[in-house]
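# Geometric and topological summary
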Amino acid sequence: MHSAAPSTGSTATSGGAGNGSSLVVFVMRRLAVTIPLLLIISFGVFALVHIAPGDPVRSLLGARAPDPATVAAIRARYHLDDPFLVQYGKWLSQVIRGDLGVSIQGNRAVTSTIADRLGVTIFLSLMSTILVLGLGILLGAVAAFRRGTRLDRAVVMFSVFGISSPAFVTGIFLLYLFGVLLHWFPIFGPGKGFLDRAWHLALPALALATSVMAIVVKITRAAMIEELARDYVTFARARGLSSRRILFAYVLRNSLIPVVTAAGLIVVGIVAGAIYVEVTFSLPGLGASMVDAIQKRDIPTIQGTTLLFSAFVLLVNLAVDVIYTLIDPRIRFGRVES
């Protein structure tokens, strides 16, 4: 077991200030890289929507007969006759001013549409993340301690079942069993207020978490089995330390490093899976709004929603990198001693 070497107070203060400044420089550098990445993503999505088949004017008019004057007015309002680069430049200049444009289909500001639907998606993603990390780490730790037993095999079997089942399939099964047959949970609506919303989103959150939890279970189990076999655990037991202290003070902390490393991908997977779950449960979230916008070729809504999701993914990866360095003090932004 490693023990930290004693240091003077001035050295500790200097080291803490140095680590703090390194952390600030690291965060600022990553934020500076985020801006060109968002530009590349927004340009790529704009190009894909531009070359996709279909006409947004036809989607907007629906079954009504196309009137030449109306069509011309719509195309002029949304700059649809401008060259591709001009359209992208006008959209980008609006975004810089904080304006994501007006939805073609709903004739509302995209920021208002996002604000109305963002709450459901955030609530659903947070519930799923808590379930994935809480239950996933717990089940992985239990399986590692009971390695080779029936409980271990049951947890592994549950992991295989979860990772093999798409979220929308699990959602339909849970909806039919607990909503239609047993009437334990509501089958539609996002609910109002904290407790009512948690009750309404329990099944969607469980469906979303089941498909992602298996990754956390398998990573935690493998990491804890590896840590339990290390010499410092045997030495700690020989010194008479309790199993609880060995678990929470040493083994679990070291085992969390690969879990935190994968946490960024897990959170991104949850947000991506929320799109399918919201459609399955007919929830008025941001994912369902994006699917509707893609079907109706609503370019401003697609661009605004994609930009928000992209910024979220980049910020989550930045937060994971910062947490990673805080859990393992040996790591300082690429200066790891081999």
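Quantities reported herein were computed from a predicted structural model and do not represent experimental measurements.

This paragraph deals with the overall build of the protein chain. Each helix and strand counted, the protein chain has 13 helices and zero strands in total. Put simply, the protein chain runs from its N terminus to its C terminus through helices and strands in the order α-α-α-α-α-α-α-α-α-α-α-α-α. Residues counted as buried form 39% of the 338 residues belonging to the protein chain. Of the roughly 18900 Å² of accessible surface on the protein chain, a fraction of 68% belongs to carbon and sulfur atoms.

Mapped onto the fold, Ser-159 is located in helix α6 (residues 150-164). Look past the residues within four positions of Ser-159 in its chain and what remains in contact with it is Ala-214, Val-217 and Lys-218.

Okay, helix α7 (residues 167-181) next. Given a rise of 1.5 Å per residue, 15 residues ought to cover 21 Å, and the 20 Å separating the end C-alpha atoms of α7 matches this to within 8%. Roughly 25° is the biggest bend found in α7, and it falls at Leu-175. All buried positions along α7 are accounted for by Ala-167, Thr-170, Gly-171, Leu-174, Leu-175, Phe-178 and Gly-179. Lining the buried residues of α7 we find α9 (202-228) and α11 (243-280).

Another point: a nonpolar patch on the surface. On the surface, a nonpolar cluster with roughly 740 Å² of combined accessible area is contributed by Tyr-176, Val-180, Leu-181, Leu-182, Trp-184, Ile-187 and Phe-188. One can find Leu-181 in helix α7.

Here the focus is the packing of aromatic side chains. Summed over the entire model, instances satisfying the criterion amount to nine aromatic pairs. Each ring, one from Phe-43 and one from Phe-84, has its centre 5.6 Å from the other, and the planes form 70°; the classification is edge-to-face. Placement of Phe-43 in helix α1 (residues 9-51) and of Phe-84 in helix α4 (residues 84-96) is noted, with a sequence separation of 41 residues between them. Between Phe-43 and Tyr-88 the ring centres are 5.1 Å apart and the planes differ by 90°, which places this aromatic pair in the edge-to-face class. Note that Phe-43 is positioned in helix α1 and Tyr-88 in helix α4, a separation of 45 residues in sequence. Residue Phe-43 is classed as partly exposed on the basis of its relative accessible area of 34%. The buried category is assigned to Tyr-88, whose relative accessible area is 9%. Each residue in the set Phe-43, Phe-46, Phe-84, Tyr-88 and Trp-91 is aromatic and connected to the rest through ring pairs, giving one cluster.

We now examine the packing of α11 against helix α12 (residues 286-295). Taken N-terminus to C-terminus, the directions of α11 and α12 make an angle of 85°; their axes are 7 Å apart at the nearest point. The orientation of α11 relative to α12 falls into the category roughly perpendicular. Here Ile-275, Glu-278 and Val-279 of α11 come into contact with α12, specifically with Leu-286, Gly-287, Ala-288 and Val-291.

Moving on to the packing of helix α5 (residues 110-145) against α11. At a minimum axis distance of 9 Å, the contact between α5 and α11 shows a crossing angle of 140°. Comparing the axis directions of α5 and α11 gives the class oblique. Where α5 crosses over α11, the handedness of that crossing is right-handed. For the pair α5 and α11, the contacting residues are Thr-121, Leu-124, Ser-125, Ser-128, Thr-129, Val-132, Ile-137 and Phe-145 in the first and Leu-247, Leu-252, Leu-256, Val-259, Ile-266, Val-267, Ile-270, Val-271, Ala-274, Val-277 and Glu-278 in the second. Classifying every residue of the contact of α5 with α11 by side-chain character gives 14 nonpolar, four polar and one charged.

UniProt's entry tags residues 31-52, 122-143, 155-178, 198-217, 247-277 and 307-327 with the feature "transmembrane region" (unreviewed entry), counted in the numbering of this structure. Secondary structure content for residues 31-52 is 95% helix and 0% strand, while the C-alpha to C-alpha distance between its ends is 32 Å. Secondary structure across residues 122-143 comprises 100% helix and 0% strand; the distance between its end C-alpha atoms is 31 Å.

The tally for this structure, following the rule as stated, stands at five salt bridges. Where Glu-226 meets Arg-230, a salt bridge forms, and the shortest distance between an N and an O atom there is 3.0 Å. Assessed through its relative accessible area of 36%, Arg-230 is described here as partly exposed. Measuring nitrogen to oxygen at the nearest pair gives 3.3 Å for the salt bridge that ties Arg-230 to Glu-227. Looking at Glu-227, the relative accessible area reads 10%, which means it is buried. Beyond isolated ion pairs, a larger network of salt bridges with shared partners links Glu-226, Glu-227 and Arg-230.

Judged by nonpolar contacts, the single largest core of 43 residues is most densely connected at Leu-124, Val-132, Leu-208, Met-224, Val-251, Ile-266 and Phe-281. Elements that contribute at least two residues to this core include exactly α5, α7, α9, α10 (231-238) and α11. Tallying contributions element by element places α9 first for this core, with twelve residues. Discounting chain neighbours no more than four positions away, the residues touching Val-132 are Ile-137, Ala-209, Val-212, Met-213, Val-216, Ile-266 and Ile-270. Within the second largest apolar cluster, 19 residues are counted, among which are Val-45, Tyr-88, Val-110 and Met-290.

Along the chain, Gln-87 falls in helix α4. Residue Gln-87 is classed as buried on the basis of its relative accessible area of 8%. A polar contact of 2.8 Å, which involves the side chain of Gln-87, links it to the backbone oxygen of Asp-82. Excluding its chain neighbours within four sequence positions, the residues that come into contact with Gln-87 are Phe-46, His-50, His-79, Leu-80 and Asp-82.

Conventions adopted
Residues numbered from 1 in each chain as written. Predicted model: local features only at pLDDT ≥ 70, side-chain atom pairs only at ≥ 80, totals over all residues. Heavy atoms only, no water. Helix = DSSP H or I, 4+ residues; strand = E, 2+ residues; numbered from the N terminus. Buried < 20%, exposed > 50% of the residue type's maximum accessible area, 1.4 Å probe, protein only. Areas by Shrake-Rupley, 256 points an atom, 1.4 Å probe, with all protein chains shown as cover. Contact = heavy atoms within 4.5 Å. Expected span 1.5 Å × (residues − 1). Bend = angle between axes of the 7 residues up to and from the residue. Patch = residues over 30% accessible without salt bridge, like charges linked within 9 Å, V, L, I, M, F, W, Y side chains within 5 Å. Salt bridge = Lys/Arg side-chain N within 4 Å of Asp/Glu carboxyl O. Phe/Tyr/Trp six-rings, centres within 6.5 Å; stacked < 30°, edge-to-face > 60°. Axes fitted to C-alpha atoms, helices over the stretch in contact; angles between N-to-C directions. Parallel < 35°, antiparallel > 145°, perpendicular 65-115°, else oblique. Left-handed = near helix turned anticlockwise from the far one by under 90°. Nonpolar A, V, L, I, M, F, W, Y, C, P; charged D, E, K, R; others polar. UniProt positions renumbered as here; feature names shortened; annotations may be inferred. Core = buried A, V, L, I, M, F, W, Y, C linked by side-chain atoms within 4.5 Å. Polar contact = N/O pair within 3.5 Å; in protein donor to acceptor, adjacent residues only side chain to side chain.

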